[in-house]
Amino acid sequence: MLAATCTSQSADAPLTGLTVGERPDPVAPDGWVRVTLRASALNHHDLWSLKGVGLPADRLPMVLGCDGAGVLDDGTEVVVHAVVSTPGWSGDETLDPKRSLLSEVHDGTLAEQVVVPARNVLPKPAELSFEQAACLSTAWLTAYRMLFTQAGLRPGQTVLVQGAGGGVATAAIALARAAGFTVWATSREEPKRAKALEIGAHAVFETGARLPGKVDAVLETVGKATWSHSMRALRPGGTLVVSGATTGADPSADLNRLFFLQLRVVGSTMGTRDELADLLRFVQTTGVRPLVDDVRPLSQAAESFARLAQGDVFGKLVLTCWETATWCCPSTTSTRPDGSLS
Ligand SMILES: NC(=O)c1ccc[n+]([C@@H]2O[C@H](COP(=O)([O-])OP(=O)(O)OC[C@H]3O[C@@H](n4cnc5c(N)ncnc54)[C@H](OP(=O)(O)O)[C@@H]3O)[C@@H](O)[C@H]2O)c1
């Protein structure tokens, strides 16, 4: 089968370790299922793997990818859940100390086929295309858990989303708007700020800009570059939820502000199978759809990785495995919370 595989790692030149080519077809062990993928999507996680972060070199070659949607051998259309917990684990699988994400221990979804534990597939909503469904497993699930489980926001409250262009951030903006929150977002670039407004932000700001008021919660994936701004943005008792640190993981902790304003800092990683099921229902009932920046065939994965590495992205980068070439018609539209297309 065709796959995008991490064959070597380099912190400075991660794309040199990406090989797009033939790999053996996977065989499903007992209790696992085979998914013939129709679409998969890139995440920053795939770049970290190529840089040698979170993927030990002795596990190479490793097929990359956490996000995917496809078809089981019996024809059922499914979305893949990327969090693989240890056999027998019960409860929140993101808290299983031995859990892994697809492409960390087991081969991932940037391939024509993937095998996963049977509990790691959920029915794909018929309303979603495979390209849209493939975006939900990682960035959208992470945003869902950050907003609804970890931040504990209620409709009418205000959330600030840092780094509007990222996969998690675009998901958070769209989900938060559909949930009835007031949504503020920051980005370094004016075109991205304009797009953030299109997908649901009520107001946008330059990265680090003074805000017109304090917010109830901040969603952080940027890390060091925006951390102190995030801390300053919170009202007393507000919550900073962090799930990533693209620009560095060692910001000033600002402890005086933390204890004096009784802020809460909450880590968040991926989401449970139940949260993914909730997310699928949420997008069905609200009409919100993932923003797809680009769709191209798996054979062109290197181009998509180059864009991700350059940060030249707004929304998700999707790779397709359709036998018919749907990539001739890239889906750059998203559905606004009011159901209209952008
Ligand atoms: N814990 C989890 O479960 C989980 C899940 C998914 C992702 N993540 C992590 O979350 C992070 C975000 O991933 P992602 O794929 O959503 O997006 P991403 O491609 O890493 O980009 C995040 C955003 O950071 C902003 N940014 C980048 N460099 C910056 C700088 N120097 N100064 C200010 N802002 C900067 C950019 O926003 P603008 O260009 O709009 O300014 C960019 O869109 C990654 O580190 C990823 O590994 C974690």
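See above for the structure.
In what follows, the accompanying structure is described. (Residues numbered from 1 in each chain as written. Predicted model: local features only at pLDDT ≥ 70, side-chain atom pairs only at ≥ 80, totals over all residues. Heavy atoms only, no water.)

## Here we look at the packing of aromatic side chains
Consideration 1: Under the counting rule described, the total for this entry stands at five aromatic pairs.
Consideration 2: Seen in terms of ring centroids, Tyr144 and Phe282 are 6.3 Å apart; in terms of plane orientation they differ by 75 degrees. Their pairing is edge-to-face. Pair noted here: Tyr144 is in helix 3 (residues 136-150) and Phe282 is in helix 8 (residues 273-286), with a separation of 138 residues, a long-range link. Of the two residues, Tyr144 and Phe282, neither departs from the other in class, the shared state being buried.
Consideration 3: A network of ring pairs unites the aromatic residues Tyr144, Phe148, Phe181 and Phe282 as a single cluster.
Consideration 4: Over the face of the ring belonging to Phe130 we find Lys124, whose NZ or CZ atom lies 4.8 Å from the ring centre. (Phe/Tyr/Trp six-rings, centres within 6.5 Å; stacked < 30°, edge-to-face > 60°. Helix = DSSP H or I, 4+ residues; strand = E, 2+ residues; numbered from the N terminus. Buried < 20%, exposed > 50% of the residue type's maximum accessible area, 1.4 Å probe, protein only. Lys NZ or Arg CZ within 6 Å of the ring centre and 35° of its normal.)

## Observations regarding the nonpolar core
Consideration 1: Among the nonpolar cores identified, the biggest contains 54 residues, and Trp140, Leu147, Val159, Ile173, Leu175 and Leu279 are the most heavily contacted of them.
Consideration 2: Residues Leu42, Leu60, Val78 and Val83 belong to the second largest nonpolar core, which totals 35 residues. (Core = buried A, V, L, I, M, F, W, Y, C linked by side-chain atoms within 4.5 Å.)

## Things to note about the pattern of salt bridges
Consideration 1: Summed over all chains, the structure comprises 15 salt bridges.
Consideration 2: Between Lys124 and Glu77 there is a salt bridge, with the nearest N and O atoms lying 3.5 Å from each other. One end of the pair, Lys124, is in the loop between strand 10 (121-123) and helix 2 (130-133); the other, Glu77, is in strand 6 (residues 77-80), and 47 residues separate them in sequence.
Consideration 3: On the basis of relative accessibility, which here comes to 10%, the residue Lys124 falls in the buried class. (Salt bridge = Lys/Arg side-chain N within 4 Å of Asp/Glu carboxyl O.)

## A closer look at the sheet that holds strand 1 (residues 2-6)
Consideration 1: Taken in spatial order, the three strands of this open sheet run 2-1-4, and their pairing is antiparallel. Strands at the two margins of the open sheet, each flanked by one partner only, are strand 2 (18-22) and strand 4 (62-63).
Consideration 2: Pairing geometry for strand 1 and strand 2, over five bridges, is antiparallel. What sits directly across from Ala3, in strand 2, is Gly21.
Consideration 3: Lying over the sheet, helix 9 (residues 301-310) contacts strand 1 and strand 2, oriented at roughly 160 degrees with respect to strand 2. (Pairing = 2+ DSSP bridges. Contact = heavy atoms within 4.5 Å. Axes fitted to C-alpha atoms, helices over the stretch in contact; angles between N-to-C directions.)

## Describing the packing of helix 3 against helix 4 (residues 167-178)
Consideration 1: Running from N to C, helix 3 and helix 4 point in directions that differ by 55 degrees, and their axes come no closer than 8 Å. In terms of orientation, helix 3 lies oblique with respect to helix 4. For helix 3 against helix 4, the interelement crossing comes out right-handed. Facing helix 3, whose interface residues are Ala139, Trp140, Thr142, Ala143, Tyr144, Met146, Leu147 and Phe148, helix 4 presents Gly167, Val168, Ala171, Ala172, Ala174, Leu175 and Ala176.
Consideration 2: Partitioning the contact of helix 3 with helix 4 into residue classes produces 13 nonpolar, two polar and no charged. (Parallel < 35°, antiparallel > 145°, perpendicular 65-115°, else oblique. Left-handed = near helix turned anticlockwise from the far one by under 90°. Nonpolar A, V, L, I, M, F, W, Y, C, P; charged D, E, K, R; others polar.)

## What about the site of the ligand?
Consideration 1: Near the ligand there are 24 residues, and of these His44, Trp48, Ser187, Thr246 and Met270 occur at the shortest range.
Consideration 2: Here an oxygen atom of the ligand and a backbone polar atom of Gly165 are 3.0 Å apart.
Consideration 3: Within the complex, 84% of the 910 Å² of free accessible area of the ligand lies under protein.
Consideration 4: Where the shell around the ligand is concerned, the elements lending two or more residues are helix 1 (44-51), helix 3 and helix 4.
Consideration 5: Tallied by class, the residues present in the shell around the ligand amount to seven nonpolar, 15 polar and two charged. (Near = heavy atom within 4 Å. Polar contact = N/O pair within 3.5 Å; in protein donor to acceptor, adjacent residues only side chain to side chain. Areas by Shrake-Rupley, 256 points an atom, 1.4 Å probe, with all protein chains shown as cover.)

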